[in-house]
Amino acid sequence: MPIRFGPFEIDTSAKTLTKDGVPIQIKPRPLELLCCLAASPGKVFSKDEVIAEVWRGRVVSDTALSSAIRDIRRVLENAGYAEEVVKTHYGYGFGFTAKISDDASPPIATAAKRSYPRALAVMPLVLMCDDVSLKNHADGLVDDVIFRLTKFRSLRVLARKSTFVHQAKDQTIAEIAQNLAADYVLEGSLRELGPTIRINVNLIAVSDESQLWAESIDFERSAFVLGDSRAADAVVSVVPKIINDHELHVARALRLEQLDPWQCYLRGSERLETFLPEHQTEAIALFERAIELDPTFADPHASLAYALCVMNQNLEDDPTANRQTPLRLRSLEEAKKATVLDANMDFAWVALARVHYALGHLEDAISAAERAIEINPNLGLAYNWLGLSHLLVNDPQRAIEAFDQALTVAPKATYRWLSEAGRSLAALLLGQYQDAIKWSRRAQRQPKATYVAYLGEICAQSHLGQGDATEATIKRIRQINRDFCLRLVRHDFPLTNAAFEGCLISGLERAGIT
């Protein structure tokens, strides 16, 4: 339940802070601390309780905790709240002391009803047999598909109650779609073939009633009744991608001025996902157009933040100077906007983690990545930025845990090379040079790998005194990046920790890199 004090409201579930319905920007860790304390007003939390709840048991200095409390007080004071909100009980702990209001919550600003993401109606299976006992099992299968598809942000899956009312009606796909305002319909049938149950599934685009995908799956009757998940697995594994590809195909055929915000976002995402600096200019323009059309649409704000960060990698700024370049500061602003517009958007927090990492705000990057994982434990990219941030604060063991999890939840991701390269650098930091070489070579075999994939091998070989092997690795790295040098490494890595910097830079210098 939201907690209100004065004109402010804290939503401890969504982790948002608003004033008179307008979101207030606050760093992730102070916000989590505020939510933790506000959820039990009057209770005095010990330092250990706060660390367990907010920092998930990580080792935290008194300075970091005090800084988070100061941030809370500063944000609320700047927003016009002069009373004490968080009280320090010296020798005991901390508590939320603001006077809780029972008044009705202020109206929250919301976007106008959107036609995107596109709406998918998952219809009940048509029973094409006399055994009505199979109906409950068929409906259960559809329930499972609906539940699992709702996890995809790229789809607006219509509620079961909306689709199941059409079960007994003799309607065409066009009539069903019109009644439900659906863009896509997933329909199918169930029939008995002796001891076998056959499920046929079809995905239809409403715009032209074209069939985008069809699948036929056979079960032993006993397996189907016991809840064999193969049908649901088949649907969930392909339907979101097929719809996304179809939407992108339609968007590619349109001129920029014809695109709606969703189509701008899709085309921009296609360019962003190459992670090539030369494609980011087009991606940025498309995200900016989406925001111009709908400023409250969180997704393009998050993706714009990420694209600006990728673009900054190609700049010729001084890596030893302040990392707060104009592009990175704008990127931070866009990422924060995305988390305010939709606090439950996993990629918004990934983008924020990416930006904080680029700025060298590694504790903030860790906090944002952890929030993304809390929302979606299967988001491999979040584990990568969590791992890299742990690596650069000299916590290689936690980095390894994060990279291993990234490889587990996203084994075929295009950014797999980054997980393996990070694993190599973590082994390097631990002095496990053979492991560093092994993981580095795995990363190099991935198609999207950059020069970062080679760093672990070069440094490990130089530390082991393998001069000839080191020279061979340097030749390979220069084939993919002729400009490879220490300056480039310092540009791309926020080297704020002496232990990590010493290990990486000394290894490269020993290898003859200048």
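Fair warning: this is a prediction, and the values are worked out from it, not measured in the lab.

Before we go on, may I ask you to explain the confidence of the model for the protein in this structure?
One rule of thumb: low pLDDT means the predicted coordinates there are not for detailed reading. Per-chain confidence: the protein averages 87 in pLDDT, with 94% of residues scoring 70 or above. Taken as a whole, residues 104–112 scores under 50 in pLDDT and shows 14 contacts with residues more than four places along the chain or in a different chain. Within the model, pLDDT remains below 50 along residues 316–321, and this stretch shows 10 contacts once partners closer than five positions in the same chain are excluded.

What am I meant to see in the pattern of salt bridges here?
One side chain can pair with another of opposite charge once the charged atoms of both are near each other. Here the structure, examined in full by the defined rule, presents 32 salt bridges. A salt bridge links R221 to D131; its shortest N-O distance comes to 2.5 Å. Taken together, the residues R221 in helix 7 (residues 221–225) and D131 in the loop between strand 8 (126–127) and helix 4 (134–149) connect sequence positions 90 residues apart. By relative accessible area, R221 is classed as partly exposed at 29%. The partner of E334 in a salt bridge is K337, with the nearest N and O atoms 4.0 Å apart. With E334 and K337 both in helix 12 (residues 326–341) and 3 residues apart, this pair spans about one turn of that helix. Classification of E334 as buried rests on a relative accessible area of 7%. Among the charged side chains, a salt-bridge network with shared partners connects R118, E247 and D260.

I tried to follow the packing of helix 1 (residues 28–38) against helix 14 (residues 362–375) on my own but got confused; where do I start?
A packed helix pair is summarised by two numbers, namely the angle formed by the two axes and the spacing between the axes. The interhelical angle for the contact between helix 1 and helix 14, taken along N-to-C directions, is 60°, at an axis separation of 8 Å. Overall, the two elements helix 1 and helix 14 adopt an arrangement that is oblique. Of helix 14, the residues touching helix 1 (which contributes P28, R29 and E32) are E363, I366, S367, A368 and E370.

Sorry, what's going on with the nonpolar core here?
Grouped together as the largest cluster of nonpolar side chains are 94 residues, with contacts concentrated most on L455, F484, F493 and L508. In terms of residues, this core owes the most to one element, helix 13 (residues 346–359), which gives 11 residues. Leaving out residues up to four positions away in the same chain, L508 has contacts with L455, I458, C459, F484, L486, V489 and I513. The next biggest cluster of nonpolar side chains, apart from the first, holds 34 residues, and it includes L134, Y184, L186 and I197.

Explanation requested: helix 15 (residues 380–392) in the structure shown.
At 3.6 residues per turn, the α-helix brings residues three or four places apart onto the same side. Relative to the 18 Å expected for 13 residues at 1.5 Å per residue, helix 15 spans 19 Å between its end C-alpha atoms, a close match to the ideal helical length. Most of helix 15 sits out of view: 13 of its 13 residues are buried.

Could you clarify how one ought to interpret the sheet that holds strand 3 (residues 16–19) in this entry?
The strands making up a sheet associate through backbone hydrogen bonding, with each pair oriented either parallel or antiparallel. Judged by pairing direction, the sheet is antiparallel, and its 4 strands sit side by side in the order 1-2-3-4 without closing on themselves. Edge positions in the open sheet fall to strand 1 (3–5) and strand 4 (22–23), since each of these has one partner strand only. One ladder, built from 4 bridges, connects strand 2 (residues 8–11) with strand 3; its direction is antiparallel. Across the sheet, residue E9 finds its bridge partner in strand 3, namely T18.

Cut-offs used in this document
- Residues numbered from 1 in each chain as written.
- Predicted model: local features only at pLDDT ≥ 70, side-chain atom pairs only at ≥ 80, totals over all residues.
- Heavy atoms only, no water.
- pLDDT = per-residue confidence, 0-100.
- Contact = heavy atoms within 4.5 Å.
- Salt bridge = Lys/Arg side-chain N within 4 Å of Asp/Glu carboxyl O.
- Helix = DSSP H or I, 4+ residues; strand = E, 2+ residues; numbered from the N terminus.
- Buried < 20%, exposed > 50% of the residue type's maximum accessible area, 1.4 Å probe, protein only.
- Axes fitted to C-alpha atoms, helices over the stretch in contact; angles between N-to-C directions.
- Parallel < 35°, antiparallel > 145°, perpendicular 65-115°, else oblique.
- Core = buried A, V, L, I, M, F, W, Y, C linked by side-chain atoms within 4.5 Å.
- Expected span 1.5 Å × (residues − 1).
- Pairing = 2+ DSSP bridges.

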